[in-house]
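Understanding the architecture of this molecule
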Amino acid sequence: MRVMTINLRFPNPEDGDNFWYVRRKAVIKLILCYSPDLLATQEGTRAQLNYLGRELAGYGLFEKNRVWDDRCQYPTIFYKRSAVAGYDGGEFWLSKTPGVHLSKDWGSAYPRMISFMRASKSGSKRFFWFATTHLDNISSNARMHQATIIRKWIEEKEEPVILAGDFNDVPGSDVYRILVKPTGPLVDSWKELGKPEDQSSLTHHGFTGIPQWGRFDWILLDDRLNPLKGDLVREEVDGRYPSDHFPYWVDVKGL
C-alpha cells in the first residue's frame, strides 16, 4: 500500500507565480502520477480540499465529523476507493480543549489538529488507523505538547497506526523523541529505509527546488508494518514545483 504526504501550501497571493491557482493542476498531476492509496495533506483550505475532491478521480475525501470553516487550514485524508475502505474516524484540536473549535494553547501561532481514519485494505478485515497532522511552525513548546497529545492517542490504539504529516521539526528534536522509537511509539520510515540525513533529506525548499530547511515531513509507522521503498518527490510538474515542500511517499507492507 502506497502512502504519500504533501503540504499543499495555502493560497497566499504573495507566492506570485507559485500562487495556488497557478499550480493546482500540477498538484493533481503529481498525486495521480504517484497514485498513493492513502494521501495525507496539510495546510489545505476548504476551497483547496474541495478542488482536490473534484479533480482526484477515484479518491474519497474523508471528512467524518468535520466542522467546515473557511478560516481553517485542515490536515486531511484522501483515500483511493478501489484500494481502501474507510470506516470510523474524526479529528480534534491539539490543545487543552480538543473539542473546542479553533482552540490553541502553549503559544501555538495557529490552531492545530489531527485528522484520522480507521481503515482496511479493500476486501480485508484487518483494520488500521491512518492519521495526518501539521504541528505549529513557531513555538517549540507548543509542538512538544501537540506531539504528546498525539502520542497518547496512538498509545490508546490496539490496531496499527500510520501517522503522516508536516511536523515542523527535525529528527532528534523533542517532538521526534516523543513520537519515534526508542522513546516513542512509532518508527520513522525514512530511517527504516536507510535514507541519509543530509541536505538531500530536507523537505522544505520554498518553491526553489533547492533543499533549504529541515526534514519536516514524516511518515511514521507502527513497528508491525514494514516500509519497502520510498522517496521525496523533487521533480517539477509542467515547469513548476507543486508545493514549497517536497512530497514524500512510502510503500508499506503488513496491512
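Note: the structure precedes this text.
One structure accompanies this document, and this report is about it. Quick caveat: nothing in here was measured; it's all calculated off a predicted structure.

Before going further, it helps to spend a moment on the side chain of Ser243. Relative to the elements of secondary structure, Ser243 occurs in the loop between strand E11 (226–232) and strand E12 (248–253). Engagement of the side chain of Ser243 in a polar contact is seen with the backbone oxygen of Asn7, the distance being 2.5 Å. Those residues in contact with Ser243 that sit more than four places away from it in its chain are Asn7, Leu8, Arg9, Arg23, His205 and Phe207.

This part is about the pattern of salt bridges. Tallied over the full model, the rule gives 18 salt bridges. A salt bridge links Glu197 to Lys191; its shortest N-O distance comes to 3.6 Å. Look at Glu197 and you get partly exposed, because its relative accessible area is 37%. Taking the relative accessible area as the measure of exposure, Lys191 reaches 41% and is therefore partly exposed. Among the charged side chains, a network of salt bridges with common partners joins Asp188, Lys191, Glu197 and Arg215.

The next subject is the environment of Arg240. Within the element layout of this structure, Arg240 appears in the loop between E11 and E12. For Arg240, a relative accessible area of 24% translates into the label partly exposed. Placed 214 residues apart in sequence, Arg240 and Ala26 show a C-alpha to C-alpha distance of 7.6 Å. When sequence neighbours within four positions are dropped, the list of residues in contact with Arg240 reads Asp17, Asn18, Val22, Arg23 and Ala26. A distance of 2.7 Å separates the side chain of Arg240 from the backbone oxygen of Asp17, its partner in a polar contact.

Rules used in this analysis
- Residues numbered from 1 in each chain as written.
- Predicted model: local features only at pLDDT ≥ 70, side-chain atom pairs only at ≥ 80, totals over all residues.
- Heavy atoms only, no water.
- Helix = DSSP H or I, 4+ residues; strand = E, 2+ residues; numbered from the N terminus.
- Polar contact = N/O pair within 3.5 Å; in protein donor to acceptor, adjacent residues only side chain to side chain.
- Contact = heavy atoms within 4.5 Å.
- Salt bridge = Lys/Arg side-chain N within 4 Å of Asp/Glu carboxyl O.
- Buried < 20%, exposed > 50% of the residue type's maximum accessible area, 1.4 Å probe, protein only.

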